[in-house]
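One-letter residues, chain by chain:
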Amino acid sequence: MAQEIGSRERTLALMAICGAALSLLLVRSAQLQVFDSSKYGMLSRQNRLRRIDLAAPRGLVLTADSVIIAESRPGFNLVLFATADWAAPVSRAASLLALDSAAMFAAVTGQRRQFPRDPVVLVRDLPPPLLARIEEHLDDLPGLRIETASLRRACFGPVGSHLLGFTGRIAVNQYDSLRDYGYGLDDFLGKGSLEQQYENILRGSDGYELYEVDARGRERGAPQALEPVEPVPGSTLRLSIDWGLQLAAESLFAVGQKGAAVAIEPSTGRILALVSRPNFDPNQFATGIRAADWNRLANDPDFPMWDRAVRSAYPPGSTFKVVTAAAALEESLITADGRMPRACGGSLRIGNRVFKCWDKGGHGSLDLHGAMVHSCDVYFYQLGLALTVERMARWSRRMGLGDRTRVDLPIESPGLVPDSSWYRRRTGPGSWRGGVAANMAIGQGELMVTPLQLASLYGAIGNDGQRWKPHLLVSAETAEGAVFRKELKIYDRLPLSPATIAALKRALADVVNQPGGTGGAARVAGVAVAGKTGTAQNPHGEDHSWFACFAPADRPSIAVAVLVENAGHGSAVAAPIAGSIVRTYLGRRQPRSPGQATLAAE
Amino acid sequence: MTGGRSLGFSRDLDGGLLAAVVLLSAAGVLSVYSATQVDQPALAGLWQRQLLWVALGLLAMALGAALPFRYWEAFAWPLYLAALGLLVLVLFLPAHQRTHRWIDLGFFQAQPSELAKLATIFLLASVSDKWRKARSFVLRYGLPIVLTAAPMALVLIEPDLGTSLSFPVILLAVLFWRGTPLRDIFFLLSPLLSMVAVFSMPSFLVFVAVLFGAFLLFRVRFAAALPLFLLNIAIGSLSPWLWHGLKEYQQKRILIFLNPGIDPRGSGWHVLQSKIAIGSGGLAGKGFLQGTQKKLSFLPAQHTDFIFSTIGEELGLWGVLLLLLLYGWLLYRGIQIARQTRNRFASLAATGIVTVIGFNVVLNIGMTLGVMPVTGIPLPFVSYGGSAVITMLAMAGIVLGIGLRRYEY
């Protein structure tokens, strides 16, 4: 047993500890009050301090062709600093601006209830005439101040809105966790798409300046003892987007048409254009969106805020036949020139149900190539029955469907690849498996893909099986131009043999270029486009129109997926849009050398 | 006997302690009066309410002094369980400023954590004395640790980090005062040291060296040293894992807690303002009611947690010295009572109370001087606030009562 501490020692020890602690406090106090007294005395004389935040401008967003698509502009806010005696100046400011003082009072008391000491922004982004009027009377408005703020501007308004996203005011419930990252109560942050994804890059860090104020709250200048902390502007994002192509692609959609288009460079994974229609104007959010505008956006039955290119998944229709065909070839169920047991007579009877081919007249007996070119459903029904749902699901996943592409955007739909256990969960045992497999083989039913997934898949086929992760960021640079983050280029391989890929590429090229192929509308003069149409049945209305392609067929420099909602046949609506996108892009590239041309132009 | 008691009352009443407490409370009312002389209607008249709290507190003190300490021992368990119950209850009440610390009684907001501190002191004093010589490690140390950890955890999730720190200090004080060998105290603390030391290689090597030094100094046998060593390393290696399990903003909060300077918008600003106020007071101060810093109300809690800043600004280093001497005298008298008290429970309880008061003084003043983390701990007897003033005066009363009966067994 170790020695216990005796009573006398304990008493002395406890007293010594208390004495030492109090002495340390006294020494520290003396240090402040005697040795540093003059420094603190000066600070105190000047210390009728008001901290003015210096807003850091948000970083630029540049496209590959060096177009600025988002920038920051200065705005002027009327801010209330005083915590007491604010009623008179606020009502005077309201009358100067001809604004409702009751609403302003409500705003002040509302914020003060939760955050009693944070400054209150009374009016955001004052227009010049009102700004002049306020500045003239600022001396009679103690406790009020004009503060500069950095406001976001999307230079092309709604064009590319789903690519860019928008910035919005911090929600009160977010503020609690964000304040530790240096956000102020009134700060804006990126919401949605790139503005959100790269918030940490785009956002600078705010500085602040300390001003001396007199007893009435009027500023008298900055004290000498304290240097201002300069704001650090946000960094620049350089995107893979080809803005000329983006503009052209957006213009290909008619007003009121809903849909999406994605263009990718297959050899790098760079996204060249990302379109979702209808779109919205991010500038509406720049100073906090008005309630009426928000209600209009939120209640629009066409969901203009929804990014159809990456967040919406649709049945792929016949564009899925590349997966069915690849699976059948890899599983050695068919050979490229073998024919199916039953010729196409316009329909196929499975059990007691009749499955129709899109062409009522029938295609006769076809090999795989012919079945792809003419998009013969009866051929693929039989393939689906032979493959089974399970094997089609496995090959779909191997080819990247049912999983996020991990594009650098905050929200992405993984799509859906149903397998037999999924069907069992959903419909219970004893569902009619044969029909499900036949339907799945032609991309109908519960299978869902996003336009981005499809563009990535077709790009990978065109790129001989090498699939690059789609991405938007090429580099991030500080405002001085130092690159601190580089493009993330990673790839994997589609698990397909070269023979299978070659067969698919041949067939896809003939879909577009062979007379009678379903993709004729996507033809581009002088270039072999390889692609596939899709018409996705949709229980809620007219069919969705799909087209997915890559070009030139042998060594593609672009892969495109186009979806138009409720527009009917893929061959009629989506194919010409995709063709135009390819034509525009190859035309834009012509004068320059391929590869790094766009970057060299800096 | 009855006659002897009335005589004994006057002789055994610790006048020094009583005087210190009364003077500190008076200083508190004056300081609150001064600190609230600003243009904030919400603060007007608070000094009168503080006067009321002190009056109620003095009643509580008289009551605490009048009740024999045997009552406290007899009711230690029920009091402790009631305090735990209130700590649980408060978590389900609506939050004030995003914390669950107060029970609103209409005219008065009570903090169950104040009661929990007192109840824990009584219970630890009671059980740790009973189990002092227990052979089982669990009874000697394990149960006191668990009894301390329970209210501490509940206070921690309110969240009230500052107050929760009082609980381990109480445990340490009671263990120390009951005569726990230094060796045991060291090995109770070493896992905590290990958790901190593990964050950098040099500090970890120093820790291991200290651990081996302790093995040699306390002549720990190898068979005991090896598991102790492994246990320390194991507990230490848990902490980086715990740390990375925290969300980034939670980590940042802890870092700001330890070093307010990295948060110029929040607590760093308050500490800077407090240092400016105290430093600008100089030797003699700016004079009572003459503080310029406080008039601008830069401190959000200049009549509560940051009241020492106002005192330092207006009364200068001499005022600070006087205040610290009063606290020193109070602690000195308290320790004397604990030493002279013959009943072991009463002696331990007095020690626990004195330690809590001293700990709060150091934490609060250290915070205003920028050498301690920013916590919501008030300055005992001085800061504005009914719950704190009444509890503190009641605690002082209990120590006085123990002093009155210091010769009873």
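So, how was this worked out
Residues numbered from 1 in each chain as written. Chains lettered and ligands numbered in written order. Predicted model: local features only at pLDDT ≥ 70, side-chain atom pairs only at ≥ 80, totals over all residues. Heavy atoms only, no water. Helix = DSSP H or I, 4+ residues; strand = E, 2+ residues; numbered from the N terminus. Rg over C-alpha atoms; globule rule 2.2 N^0.38 Å. Buried < 20%, exposed > 50% of the residue type's maximum accessible area, 1.4 Å probe, protein only. Contact = heavy atoms within 4.5 Å. Areas by Shrake-Rupley, 256 points an atom, 1.4 Å probe, with all protein chains shown as cover. Lys, Arg positive; Asp, Glu negative; His and termini not counted. Charge placed at Lys NZ, Arg CZ, Asp CG, Glu CD. pLDDT = per-residue confidence, 0-100. Domains from an automatic or database assignment. Buried area = accessible area lost by both parts, 1.4 Å probe. Salt bridge = Lys/Arg side-chain N within 4 Å of Asp/Glu carboxyl O. Polar contact = N/O pair within 3.5 Å; in protein donor to acceptor, adjacent residues only side chain to side chain. Nonpolar A, V, L, I, M, F, W, Y, C, P; charged D, E, K, R; others polar. Phe/Tyr/Trp six-rings, centres within 6.5 Å; stacked < 30°, edge-to-face > 60°. Lys NZ or Arg CZ within 6 Å of the ring centre and 35° of its normal. Axes fitted to C-alpha atoms, helices over the stretch in contact; angles between N-to-C directions. Parallel < 35°, antiparallel > 145°, perpendicular 65-115°, else oblique. Left-handed = near helix turned anticlockwise from the far one by under 90°. Pairing = 2+ DSSP bridges. Patch = residues over 30% accessible without salt bridge, like charges linked within 9 Å, V, L, I, M, F, W, Y side chains within 5 Å.

**Brief notes about the overall build of chain B**
Okay, step 1: Broken down by element type, chain B carries 18 helices and two strands.
Okay, step 2: Over its C-alpha atoms chain B spans a radius of gyration of 22 Å, differing by no more than 12% from the 22 Å that the globule rule assigns to 409 residues.
Okay, step 3: Based on the C-alpha atoms only, the size of chain B along its principal axes is roughly 65 × 65 × 45 Å.
Okay, step 4: Relative to its full complement of 409 residues, chain B shows a buried share of 54%.
Okay, step 5: Across chain B, contacts joining residues at least 24 apart in sequence account for 73% of those joining residues at least 6 apart.

**A short note on the overall build of chain A**
Okay, step 1: In terms of helices and strands, chain A carries 20 helices and 21 strands.
Okay, step 2: Whereas a compact globule of 602 residues would reach a radius of gyration of roughly 25 Å, chain A reaches 32 Å, over 25% beyond that.
Okay, step 3: Dimensions of chain A, computed from C-alpha atoms along their principal axes, come out at roughly 100 × 85 × 50 Å.
Okay, step 4: Looking at the 602 residues of chain A, the share that counts as buried comes to 54%.
Okay, step 5: Of the contacts made within chain A by residues no fewer than 6 positions apart, 71% connect residues no fewer than 24 positions apart.
Okay, step 6: A total of about 25,300 Å² of accessible surface is found on chain A, and carbon and sulfur atoms cover 53% of it.
Okay, step 7: Mean positive and mean negative side-chain charge positions of chain A (66 and 59 charges, respectively) differ by 5 Å.

**With respect to the confidence of the model for chain B**
Residues and elements named next belong to chain B.
Okay, step 1: Of all residues in chain B, 92% have pLDDT values of 70 or greater, and the mean over the chain is 86.
Okay, step 2: Across chain B, element-level confidence peaks in helix α17 (residues 344-368) with a mean pLDDT of 95 and bottoms out in helix α1 (residues 2-12) with 51.
Okay, step 3: Scored below 50 in pLDDT, residues 1-8 shows two contacts in the model against residues more than four places distant or in partner chains.

**A short note on the domain arrangement of chain A**
All names here are of chain A.
Okay, step 1: Here chain A is described as being made up of domain 1 (50-239) and domain 2 (243-278 + 303-600).
Okay, step 2: The gap between the C-alpha centroids of domain 1 and domain 2 is 45 Å.
Okay, step 3: Listed as interface residues are 25 residues of domain 1 and, on the opposing side, 28 residues of domain 2.
Okay, step 4: Of the roughly 2,300 Å² buried between domain 1 and domain 2 on both sides combined, carbon and sulfur atoms contribute 63%.
Okay, step 5: Of all residues in domain 1, the largest losses of buried area upon contact with domain 2 belong to His162, Leu163 and Arg238, amounting jointly to 29% of the total for that side.
Okay, step 6: Counting across the interface, domain 1 meets domain 2 through two salt bridges.
Okay, step 7: Counting the contacts that link domain 1 with domain 2 gives 12 residue pairs in polar contact (both at pLDDT 80 or more).
Okay, step 8: Looking at the side of domain 1 that touches domain 2, the elements with two or more residues in it are α6 (161-164), α8 (193-197) and β10 (236-239).
Okay, step 9: Partitioned by chemical class, the residues of the side of domain 1 that touches domain 2 number 13 nonpolar, 10 polar and two charged.

**Thoughts on the packing of aromatic side chains**
Okay, step 1: Evaluation of the coordinates by the stated rule reveals 23 aromatic pairs over all chains.
Okay, step 2: Taken together, a centroid distance of 5.9 Å and an interplanar angle of 85° make the contact between Phe212 of chain B and Phe215 of chain B edge-to-face. Placement of both Phe212 of chain B and Phe215 of chain B in helix α11 (residues 201-217) is noted, with a separation of three residues, approximately one turn of the helix.
Okay, step 3: Assessed through its relative accessible area of 42%, Phe212 of chain B is described here as partly exposed.
Okay, step 4: One aromatic cluster in this structure is built from Phe186, Phe187, Phe212, Phe215, Phe218 and Phe229 of chain B.
Okay, step 5: The positively charged end of Arg311 of chain A is found above the aromatic ring belonging to Trp306 of chain A, 3.9 Å away from the centroid.
Okay, step 6: Here Arg398 of chain A stacks its cationic end above the ring of Trp395 of chain A, 4.5 Å away from the centre of that ring.

**Side note on the packing of helix α10 (residues 182-197) of chain B against α11 of chain B**
Residues and elements named next belong to chain B.
Okay, step 1: At a minimum axis separation of 9 Å, α10 and α11 run at an interaxial angle of 165°. In this view, α10 runs roughly antiparallel relative to α11, as classed from their interaxial angle. Between α10 and α11 lies a crossing whose hand is left-handed. Contacts between α10 and α11 involve Phe186, Phe187, Ser190, Leu193, Ser194 and Ala197 from the first element and Ser203, Phe204, Phe207, Val210, Leu211, Ala214 and Phe215 from the second.
Okay, step 2: A per-class count over the contact of α10 with α11 returns 10 nonpolar, three polar and no charged.

**Observations regarding the sheet that holds strand β12 (residues 270-277) of chain A**
Residue and element names in this part refer to chain A.
Okay, step 1: Strand order across the open sheet formed by five strands is β12-β11-β21-β20-β19, with antiparallel pairing between neighbours. Because the sheet does not close on itself, it has two edges, and the strands there are β12 and β19 (530-538). Put simply, the sheet's adjacent strands are angled 10° from each other on average, direction ignored.
Okay, step 2: Here six bridges tie strand β11 (residues 259-265) to strand β21 (residues 558-564), and the two strands are oriented antiparallel to one another. Across the sheet, Ile264 pairs through a bridge with Ala559, a residue of β21.
Okay, step 3: In this fold helix α10 (residues 243-252) packs onto β11, β12 and β21, with an angle of close to 30° to the strand it touches most, β12.
Okay, step 4: Contacts from helix α18 (residues 498-513) reach β19 and β20 (541-551), with the element oriented near 75° to β19.

**Some points on a nonpolar patch on the surface**
Okay, step 1: A contiguous nonpolar surface patch, about 470 Å² in accessible area, is contributed by Val34 and Phe35 of chain A together with Leu283 and Trp318 of chain B.
Okay, step 2: Inspection of the secondary structure puts Leu283 of chain B in the loop between α14 (267-281) and α15 (292-295).
Okay, step 3: The exposure class of Leu283 of chain B is partly exposed, given its relative accessible area of 42%.

**Here we look at the pattern of salt bridges**
Residue and element names in this part refer to chain A.
Okay, step 1: Under the definition given, this model contains 27 salt bridges over all chains.
Okay, step 2: With a closest N to O distance of 2.9 Å, Asp125 and Arg73 form a salt bridge. Of this pair, Asp125 sits in the loop between β4 (120-123) and α5 (128-136) while Arg73 sits in strand β3 (residues 68-80), and the two are 52 residues apart along the sequence.
Okay, step 3: Exposure remark for Asp125: the relative accessible area of 23% places this residue in the partly exposed category.
Okay, step 4: For Arg73, a relative accessible area of 29% puts it in the partly exposed group.
Okay, step 5: Its salt-bridge partner being Arg296, residue Asp293 comes within 3.3 Å of it at the nearest N-O pair. In this pair, Asp293 and Arg296 are both assigned in helix α11 (residues 291-299), three residues apart and thus about one turn of the helix distant.
Okay, step 6: For Asp293, a relative accessible area of 9% translates into the label buried.
Okay, step 7: Within the structure, one salt-bridge network assembled from shared partners comprises Arg58, Arg152, Glu195 and Glu199.

**Focus on the environment of Leu182 of chain B**
All names here are of chain B.
Okay, step 1: Within the secondary structure layout, Leu182 lies in helix α10.
Okay, step 2: Here Leu182 falls in the partly exposed class, since its relative accessible area comes to 48%.
Okay, step 3: Residues Leu182 and Phe218 lie 36 residues apart in sequence; the distance between their C-alpha atoms is 8.8 Å.

**Remarks on the environment of Tyr409 of chain B**
All names here are of chain B.
Okay, step 1: As for its position among the elements, Tyr409 is in the segment after α18 (386-404).
Okay, step 2: Among the residues examined, Tyr409 registers a relative accessible area of 64% and is labelled exposed.
Okay, step 3: For Tyr409 and Arg70, which are 339 residues apart along the polypeptide, the C-alpha to C-alpha distance reads 10.0 Å.
Okay, step 4: Excluding anything up to four places from it in sequence, Tyr409 contacts Arg70, Arg342 and Asn343.

**Some points on the environment of Asn364 of chain B**
Residue and element names in this part refer to chain B.
Okay, step 1: Examined against the element boundaries, Asn364 turns out to sit in helix α17.
Okay, step 2: What makes Asn364 buried here is its relative accessible area of 0%.
Okay, step 3: Each residue touching Asn364, except ones within four places of it in the same chain, is listed here: Asp305, Phe308, Ile377, Pro378 and Leu379.
Okay, step 4: Here the side chain of Asn364 touches Ile377 through a polar contact of 2.7 Å, landing on its backbone oxygen.

**Describing the side chain of Glu199 of chain A**
All names here are of chain A.
Okay, step 1: Along the polypeptide, Glu199 turns up in helix α9 (residues 199-202).
Okay, step 2: A relative accessible area of 7% means that Glu199 is categorised as buried.
Okay, step 3: Among residues more than four places away in sequence, those in contact with Glu199 are Arg58, Tyr183, Phe188, Leu189, Gly190 and Leu194.

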